[in-house]
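# Topology and contacts: notes
Letter by letter, the chains look like this.
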Amino acid sequence: MFIFISALFLSGCGKPFLSTLQPAGEVAQRQYQLFLLSFSVMAIVLIVVITIYVIVLIRFRRKKGDENKIPKQVAGSHKLEMIWTAIPILIILGLSIPTVYLTFYFGDVKGMERVDEQGNPEHLVVNVRANLYWWEFEYPDLGIITSQDLVVPTGEKIYFNLKASDVKHSFWIPSIGGKMDTNTENPNTFYLEFDPEKADEAGNLFYGKCAELCGSSHAYMDFKVKAISRDEFDRWVRGMQADEEPELTTDLAMQGKQLFEENDQFSCISCHATTAKDERPEAARLGPNLADFGNRTRVAGYLEYTKDNIKNWIQNPEEYKPGNLMYEEANFTDEELEALAEYLMSLKVQE
Amino acid sequence: MSSIAAKRSVGAVLWEYLTTVDHKKIAHLYLFGGGFFFLLGGIEALLIRIQLLKPQFGFLSEETFNEMFTMHGTTMIFLAAMPLLFALMNAIVPLQIGARDVAFPFLNALGFWLFFFGGIFLNLAWVFGDAPDAGWTSYASLSLFSEGHGIDYYTLGIQISGFGTLISGINFLATIINMRAPGMTFMRMPMFTWTTFIASSLILFAFPPLTASVFYLMFDRLLGTNFFDVTAGGNTIIWEHFFWIFGHPEVYILVLPAFGIFSEIIPTFSRKRLFGYSSMVFATILIGFLGFMVWAHHMFTTGLGNVANAIFAVATMAIAVPTGIKIFNWLLTMWGGKIKITVPMLYALGFIPSFVMGGVTGVMQGIAPLDYQLHDTYFIVAHFHYVIIGGVVFALLGGAHFYWPKMFGKMLSEKLGYITFVLFFIGFHLTFFIQHFLGLWGMPRRVATYLPGQGLDLGNMISSIGAFLMGIAVIILLVNIVISTVKKQKVSNDPWEDGRTMEWALESPPVYYNFKQTPFVRGIDTYWIEKMEGNKGLTPAKPLDDIHMPNNTIMPFIISLGLFIAAFGMMYNPLNQVGDGKPWAIPVLIIGLCITFGTMLIRSIKDDLGYHIPKKDLTDDEHKGGVAS
């Protein structure tokens, strides 16, 4: 019965941008195969046990007239005991082969340092830095930094350096591949690959999660992954590299920019950069980089991208992500909030 | 100290329990102490499931939610499951091996009171504001970051109750090694005694690492040391190692005695001896041993490297072999038997498929590359609840029904027992089966909420409904206990009629000195052998003689109380990280420690030689004390 129900759940439910059962990349694909393999083996084990169990229950119940019957007291059976020792050993040996092979396969990050004839790195490397409730993605070879939205090209291996700057977190994009912790003391490395077709099906947008308890807003420490073609990615990179803020078209946005930089209550610029080329050292990058904020898909990683949400977030970050390190609440006037939101929404590197 | 059942005042009964060193009374204390915390942990679980009933439900704040699941885990593992197992061990193990008490009755009482005061201290966190909020694993970077005194309640409370557990574990080891009746070789020991023995040795080796690491964390937070502060050269991964070197064996500390209980229930109600006794013993030892070799499977995603992950993956899967041996041995015990379905047997029957499901998902997680996907998701939550509820809680409930007549001399209602079982069993599978899939669909564990539109809504709702069924089942169990307590009907020695081990030869409940004469053991299932030969009781090994008994004492209570007081002093010491040091803290710390160590000093100086029950009183005593006479 359980197996039947399982089959039902395996085929249905789950969302393509989140579910590990609908893999959209090489790593997740292999892990899914491993899941199916071990699931089938374990289902067989379960069936065997339950079959014996049902037979026992049907055949050997105490019936009327049995009240004083004493069954034969069997001490055991060497042969049977050997059988059910040997079979599990064989099953486990069988499962060990793909386990060990894939452990080393997934753990192979030598490609990270590989360079072509001109000395350019062959693969894209992203440094992921997890913070109390936001993610920073640095592309060291491209000289750009983004936050919250990870942008990657599809159809190639992408290597990640992972670490945390305050407490331990864990970096996980379920439909693309298994997770890896971001430790506070040393970087971890692994790779992922995004399948172009599957990315297309999922709307080029995947959901990432923090998988390690990190405090009150652990549940809201989401990020988005835009998986786009290499061409599109290169265009995006060029835009980000320009190191210039877009022209501001409205007075309101200009006013917002001024407020952003010169406000004496909370000077936003002291934590948040607005261009992707942020030369400051890591320790000085206290808040998410806001470059290309106008193209974000979510506010604060999880809220719907609307002007109202941006305004609410600026005014009351504590309400949306308790325990975050921004500030508890601000007392901006409505006009000020409007201007700030307008400014932030106009931060776009490309239309 | 009279065996005459005279009516006594409430105060006298209370005093009796505060000072008792009798293993049977301590078993009652553990049962009610552990039962109390079990209810507390259950309420916490229900609050968690209410919050997760629908997406972005604001029933609990995020902070409260984190405190809730931290306390749920900590309470259930340290303050409910283990003490409840200790209750059954205390009640039964000395009887099963033909002993008059445990080896160190004073320490046995001390173990209980340390557990109890530690548990109370931990739960006072709710009363005074900040409950621990870094998960029951309390990973170091987060637990150092945690504001308020929550984590300090955790470290101090766990430390105090941990001492109690360690003391009890050592006590059982000494008891089982030294106090077996003549003729009871190791290979004639009942399985519950065997699993208690192995679980106790796991306690002996697993608790010191916990004690050490919790001390480090406590010192970091309260005295300003830097064991885990990365910026000062500390290392947080070391906490993970320490914690899991304790934490993994802990699973077996819980589940081995559960196996033991089922190994008593299944043969009893199948009317057959345990199939493959020696392979069961071997499997138990092997599980205990391997339990120490696999801690890093909790850390596959920590980044220990390919070699470590591969080795620990294979070692982890290896545990399935001895566990499989046990499952098949139980099935073959029933094969060819005359199975009577009573409430304890129902729990055993419910246990087999449930636990196998928990076991197979365990193997799946042992596959390291697959665990990269499963780790820290609801799949894990589902897995360990299948193991801990499907194994340990079923054993506790089944064991409680099974041994209730032996412990209290009264039966629990079978009818209410059936209802409890059915509701609990359905509720359990409804709650946790779907959680495997929630994990696979991308739901991380320990999230205070989830967003709509991610495909997680329905599964969570099903899960919450199941939790309520379990809650109702527990309420019916409580009603059952109350009804049974009020009833006057007493039961015989062997109320299940097919009792096999020595405890069933004794009155229910046994007289305070247990066996009038130490019994002689002629094989596995001693009482069964005697019954088959038509004897009405056990064959005595020695002639009737004076019995030496220990005196009751309040000292264990006072020693534990002293540590409880000292803990407050420690928490508010001026060096603490929270910065709310109080001037009274140091004196309180010193007074508390003086109470503890002063009482210990008095105990060492003052001779307490106990007393003797003279032979004449024993011959006049109407109680048979297990002997065939």
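Residues numbered from 1 in each chain as written. Chains lettered and ligands numbered in written order. Predicted model: local features only at pLDDT ≥ 70, side-chain atom pairs only at ≥ 80, totals over all residues. Heavy atoms only, no water.

Secondary structure assignment for chain B yields 20 helices and two strands. The C-alpha atoms of chain B give 24 Å as radius of gyration, which agrees with the globular expectation for 629 residues (25 Å, within 12%). The proportion of buried residues among the 629 residues of chain B is 65%. (Helix = DSSP H or I, 4+ residues; strand = E, 2+ residues; numbered from the N terminus. Rg over C-alpha atoms; globule rule 2.2 N^0.38 Å. Buried < 20%, exposed > 50% of the residue type's maximum accessible area, 1.4 Å probe, protein only.)

Quick look at the pattern of salt bridges now. Two side chains carrying opposite charge are able to pair once their charged atoms lie near each other. Here the structure, examined in full by the defined rule, presents 28 salt bridges over all chains. Residue R500 of chain B pairs with D525 of chain B through a salt bridge whose shortest N-O separation is 2.9 Å. With R500 of chain B in the loop between helix 16 (457-486) and helix 17 (526-532) and D525 of chain B in the loop between helix 16 and helix 17, this pair connects stretches of sequence that are 25 residues apart. The residues R500 of chain B and D525 of chain B share a single accessibility class, namely buried. Salt bridges here are not isolated pairs; linked through shared partners, they connect R129, E136, E138 and R285 of chain A. (Salt bridge = Lys/Arg side-chain N within 4 Å of Asp/Glu carboxyl O.)

Moving on, we come to the confidence of the model for chain B. In this model, chain B carries a mean pLDDT of 94, and residues with pLDDT of at least 70 account for 99%. Of the two predicted TM-score estimates for the complex, the pTM is 0.95 and the ipTM is 0.94. (pLDDT = per-residue confidence, 0-100.)

What follows is about the sheet that holds strand 3 (residues 144-147) of chain A. Residues and elements named next belong to chain A. Spatially, 3-2-1-5-8 is the arrangement adopted by the five strands of the open sheet, whose pairing is mixed. Strands at the two margins of the open sheet, each flanked by one partner only, are strand 3 and strand 8 (188-193). Put simply, the sheet's adjacent strands are angled 25 degrees from each other on average, direction ignored. As judged from the seven bridges shared by strand 1 (residues 124-131) and strand 5 (residues 157-164), these two strands associate in the parallel manner. Across the sheet, A130 pairs through a bridge with A164, a residue of strand 5. Together, strand 1, strand 2 (134-139) and strand 3 form the strand contacts of helix 5 (residues 230-241), whose direction differs from that of strand 3 by roughly 100 degrees. (Pairing = 2+ DSSP bridges. Axes fitted to C-alpha atoms, helices over the stretch in contact; angles between N-to-C directions. Contact = heavy atoms within 4.5 Å.)

A word on the pairing of strand 5 of chain A. In terms of strand pairing, strand 5 of chain A meets strand 8 of chain A through six bridges, oriented antiparallel. Residue pairing for strand 8 of chain A: K157 of chain A is matched across the bridge by E193 of chain A.

Here we take up the interface of chain B and chain A. Taken residue by residue, the interface counts 99 residues in chain B and 93 residues in chain A. Across the chain B/chain A interface, buried area totals approximately 8,200 Å², and carbon plus sulfur atoms make up 69% of it. When residues of chain B are sorted by the area they lose upon contact with chain A, R271, Q373 and W441 of chain B head the list and together hold 9% of the total. Here chain B is connected to chain A by three salt bridges. As a salt-bridge pair, D66 of chain A and K338 of chain B come within 3.8 Å of each other at their nearest N and O atoms. On the surface where chain B and chain A come into contact, there are 32 residue pairs in polar contact (both at pLDDT 80 or more). Classifying every residue of the side of chain B that touches chain A by side-chain character gives 54 nonpolar, 30 polar and 15 charged. (Buried area = accessible area lost by both parts, 1.4 Å probe. Polar contact = N/O pair within 3.5 Å; in protein donor to acceptor, adjacent residues only side chain to side chain. Nonpolar A, V, L, I, M, F, W, Y, C, P; charged D, E, K, R; others polar.)

Enumeration over the complete set of coordinates arrives at 94 aromatic pairs over all chains. In this arrangement the basic side chain of K224 of chain A is found over the ring face of Y207 of chain A, its NZ or CZ atom lying 4.7 Å from the centre. Positioned above the aromatic ring of F186 of chain B, the side-chain terminus of R180 of chain B is 4.0 Å from the ring centre. (Phe/Tyr/Trp six-rings, centres within 6.5 Å; stacked < 30°, edge-to-face > 60°. Lys NZ or Arg CZ within 6 Å of the ring centre and 35° of its normal.)

This part covers the environment of M280 of chain B. Residues and elements named next belong to chain B. Tracing the backbone through its elements, the reader meets M280 in helix 9 (residues 277-290). Sequence separation of M280 and T323 is 43 residues, and the distance between their C-alpha atoms is 9.3 Å. Setting aside residues no more than four positions away along its own chain, M280 makes contact with M191, S263, L274, F275, K326, N329 and W330.

The subject of this paragraph is a nonpolar patch on the surface. Residues and elements named next belong to chain B. A cluster of nonpolar side chains, V422, I426, L430, M461 and I465, forms an exposed patch at the surface whose accessible area comes to about 400 Å². Only helix 15 (414-440) and helix 16 provide two or more residues apiece to the nonpolar patch. A per-element tally of the nonpolar patch places helix 15 first, with three residues. Examined against the element boundaries, L430 turns out to sit in helix 15. Given a relative accessible area of 32%, L430 falls into the partly exposed group. (Patch = residues over 30% accessible without salt bridge, like charges linked within 9 Å, V, L, I, M, F, W, Y side chains within 5 Å. Areas by Shrake-Rupley, 256 points an atom, 1.4 Å probe, with all protein chains shown as cover.)

This part takes up the sheet that holds strand 6 (residues 169-173) of chain A. Residue and element names in this part refer to chain A. The five strands are arranged 4-10-9-6-7 in an open sheet whose pairing can be described as mixed. Both edges of this open sheet fall to strand 4 (149-153) and strand 7 (177-182), since each of them pairs with a single strand only. On average, each strand axis in the sheet is tilted by 25 degrees relative to the strand beside it, whichever way the strands run. Note: strand 6 against strand 7, four bridges, orientation antiparallel. Each bridged residue has a counterpart across the sheet, and for F171 the counterpart in strand 7 is M180. On the sheet, helix 5 packs against strand 4 and strand 10 (223-228) and is oriented at approximately 130 degrees with respect to strand 4.

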